[in-house]
Number of protein chains: 2
Amino acid sequence: MRQQVEPIQRMADELAKLPGIGRKSAQRLAYHLAATPIDQVRALAKALEKGREDIKLCTQCGNYTADERCAVCADYKRRQDILCVVRDPRDVAAMERMHDYHGLYHVLHGILSPMDGIGPSDIRISELMRRLESGTVKEIILATNPDIEGEATASYIARLVKPLGVRVTRIAHGVPVGSDLEYTDEVTLSKAMEGRREI
Amino acid sequence: MRQQVEPIQRMADELAKLPGIGRKSAQRLAYHLAATPIDQVRALAKALEKGREDIKLCTQCGNYTADERCAVCADYKRRQDILCVVRDPRDVAAMERMHDYHGLYHVLHGILSPMDGIGPSDIRISELMRRLESGTVKEIILATNPDIEGEATASYIARLVKPLGVRVTRIAHGVPVGSDLEYTDEVTLSKAMEGRREI
């Protein structure tokens with residue numbers, strides 16, 4: 001037995017494709033599954049396959065949902081006049097954890113990145129423009145990440161949207177709450193100074 | 001959307017049952033799978049389910065195998081007169097990585113642990129005794145872990161096997177190669193002194 005047991009190897013190979021799971025962890029997980037009752041392994045396999053099949057994109061905002069519309073879009077109490085534009089559904093989940101935003105979202109499912117060949121037609125920008133046509137939306141908040149691609153995408157969208165008379169805002173950059181000035185990088189510090197407000 | 005998207009939650013719940021995968025990692029993996037092409041998720045689910053189904057225990061030693069006998073037992077060049085007794089198939093894989101042992105194995109699939117209600121009949125001790133009946137085996141090496149349960153299991157098996165006239169040995173305990181004396185615990189150091197050899 002110089003080589004691994006083949007079915008265990010097969011499990012480990014697939015598990016190692018997941019992000020954050022290296023060769024060794026995948027091996028360890030495969031051995032764990034080998035010693036797990038077969039019904040439990042079937043339940044895991046089923047949950048992954050069926051789960052993936054059940055995930056749809058909300059027809060309005062592009063967020064993940066099991067239905068036609070996501071829970072945010074389906075909630076008639078949310079403000080319909082404000083859209084928060086984010087890169088992916090994970091960001092929606094992050095924003096919702098804040099419990100402080102009551103408008104709707106628009107999920108781009110990507111970010112402009114000429115280096116990776118991702119242009120405006122590869123992300124859901126035309127869908128965003130179509131949502132603005134009715135005139136219901138009065139403000140869009142650009143909540144892409146504060147990195148090069150995120151900034152570029154935000155400026156690109158701002159340039160498209162402003163002529164429509166819609167208010168365009170960008171989330172604030174600054175020193176994270178609970179962090180230490182001493183360890184904050186210069187770019188963030190300079191953004192924090194630039195965005196200072198009277199108290 | 002105060003709560004998670006249901007299919008993603010379902011995936012995360014199952015993934016969080018795996019060892020070393022906490023709530024947050026499970027969530028992250030579920031979102032990753034949601035954005036993964038459905039065919040790749042099916043391939044993962046299939047590999048896990050089919051892999052688990054294909055794993056059998058070697059009819060001779062109890063090691064994992066896809067066939068009737070494991071690769072070690074099926075290898076006629078291995079010494080048939082020496083058995084290395086280990087707790088589980090992971091230990092066989094560890095021993096085989098050493099490339100230095102040419103005998104066979106016996107996998108107990110557990111360790112004596114009265115506290116957890118695991119007694120001699122719950123692990124593969126009777127199968128071990130049956131293997132010794134033919135008289136082919138001249139030595140068994142007890143390679144259970146050097147902890148309380150491992151030592152207790154080793155002594156228990158030694159007491160059973162010695163009367164049969166089979167040589168019973170225990171793997172050496174000592175300072176691991178590449179480690180630092182300063183950071184070695186006292187029990188290991190005392191074992192290393194006790195097991196000292198002339199050079």
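No experiment lies behind these values; they were computed from the predicted model shown.

A.B. asks: Tell me about the relation of the copies chain A and chain B, and name the residues and values.
C.D. replies: Laying chain A over chain B is done by rotating through 180° and shifting 0.0 Å along the axis; what remains is an RMSD of 0.0 Å. The operation mapping one copy onto its partner corresponds to a two-fold rotation axis. The rotation axis passes nearest to the C-alpha of Ala45 of chain A in chain A, at a distance of 2.1 Å. Taken together, the interface assignments show that 100% of the residues at the interface of chain A recur at the interface of chain B, consistent with an identical surface on both copies.

A.B. asks: For helix α2 (residues 23–34) of chain B, give the residues involved together with the corresponding values.
C.D. replies: Taking 1.5 Å as the rise per residue, α2 of chain B with twelve residues should run 16 Å; its terminal C-alpha atoms sit 16 Å apart, in good agreement. Here α2 of chain B has its buried residues at Ala26, Gln27, Leu29, Ala30, Tyr31, Leu33 and Ala34 of chain B.

A.B. asks: Can you explain the domain arrangement of chain A? Please cite residues and give values.
C.D. replies: Here the domain parsing of chain A yields domain 1 (6–54) and domain 2 (77–198). On a C-alpha basis, the centroid separation for the pair domain 1 of chain A and domain 2 of chain A is 36 Å.

A.B. asks: Please give an account of the confidence of the model for chain A that cites residues and values.
C.D. replies: All names here are of chain A. When pLDDT is averaged across chain A, the result is 90; 98% of the residues are at 70 or more. Ranking the helices and strands of chain A by mean pLDDT puts strand β4 (residues 104–107) first, with 96, and helix α7 (residues 186–194) last, with 80. Taken over the whole predicted complex, pTM reads 0.80, whereas the ipTM for its chain interfaces reads 0.83.

A.B. asks: Got a sec to walk through the interface of chain A and chain B? Specific residues and values, please.
C.D. replies: Facing 52 residues of chain A, the contacting portion of chain B comprises 52 residues. Taking both partners together, chain A and chain B bury about 5100 Å²; carbon and sulfur atoms supply 68% of that area. At the junction of chain A with chain B, the criterion picks out six salt bridges. Taken together, the links from chain A to chain B amount to 13 residue pairs in polar contact (both at pLDDT 80 or more). Only α1 (6–15), α2 (23–34), α3 (38–54), β2 (64–65) and α4 (89–97) of chain A provide two or more residues apiece to the side of chain A that touches chain B.

A.B. asks: Help me get a handle on the nonpolar core, residues and values and all.
C.D. replies: By size, the foremost hydrophobic cluster in this structure holds 38 residues, and its most contacted members are Ile8 and Leu48 of chain A together with Ile8 and Leu48 of chain B. Those elements giving two or more residues to this core turn out to be α1, α2 and α3 of chain A together with α1 (6–15), α2 and α3 (38–54) of chain B. Contacts of Leu48 of chain B, omitting those with residues within four sequence positions, involve Met11, Leu15, Leu33, Val41, Leu44 and Leu48 of chain A. Membership of the second largest hydrophobic core comes to 33 residues, among which are Cys61, Val107, Ile125 and Val166 of chain A.

A.B. asks: A description of the sheet that holds strand β6 (residues 167–170) of chain A should follow, citing residues and the corresponding values.
C.D. replies: Residues and elements named next belong to chain A. The four strands are arranged β4-β3-β5-β6 in an open sheet whose pairing can be described as parallel. Of all strands in the sheet, those bounded by a partner on one side alone are β4 and β6. Strand-to-strand, the axes of this sheet are offset by a mean angle of 25°, without reference to chain direction. Packing of α4 onto the sheet brings it into contact with β3 (82–86) and β4, and relative to β4 it is tilted by some 155°. In the packing of helix α5 (residues 125–132) onto the sheet, contacts are made with β3, β4 and β5 (139–142), and the angle to β4 comes to roughly 150°.

A.B. asks: Help me get a handle on the pairing of β4 of chain A, residues and values and all.
C.D. replies: Where a strand is regular, its side chains alternate between the two sheet faces. Residue and element names in this part refer to chain A. Neither face of β4 is exposed, since Leu104 and His106 on one face and Tyr105 and Val107 on the opposite face are all buried. In the sheet, β3 pairs with β4 via four bridges, with the strands oriented parallel. By the bridge assignment, Cys84 is partnered in β4 with Tyr105.

Calculation rules
Residues numbered from 1 in each chain as written. Chains lettered and ligands numbered in written order. Predicted model: local features only at pLDDT ≥ 70, side-chain atom pairs only at ≥ 80, totals over all residues. Heavy atoms only, no water. Least-squares fit on C-alpha atoms with pLDDT ≥ 70 in both. Contact = heavy atoms within 4.5 Å. Helix = DSSP H or I, 4+ residues; strand = E, 2+ residues; numbered from the N terminus. Expected span 1.5 Å × (residues − 1). Buried < 20%, exposed > 50% of the residue type's maximum accessible area, 1.4 Å probe, protein only. Domains from an automatic or database assignment. pLDDT = per-residue confidence, 0-100. Buried area = accessible area lost by both parts, 1.4 Å probe. Salt bridge = Lys/Arg side-chain N within 4 Å of Asp/Glu carboxyl O. Polar contact = N/O pair within 3.5 Å; in protein donor to acceptor, adjacent residues only side chain to side chain. Core = buried A, V, L, I, M, F, W, Y, C linked by side-chain atoms within 4.5 Å. Pairing = 2+ DSSP bridges. Axes fitted to C-alpha atoms, helices over the stretch in contact; angles between N-to-C directions.

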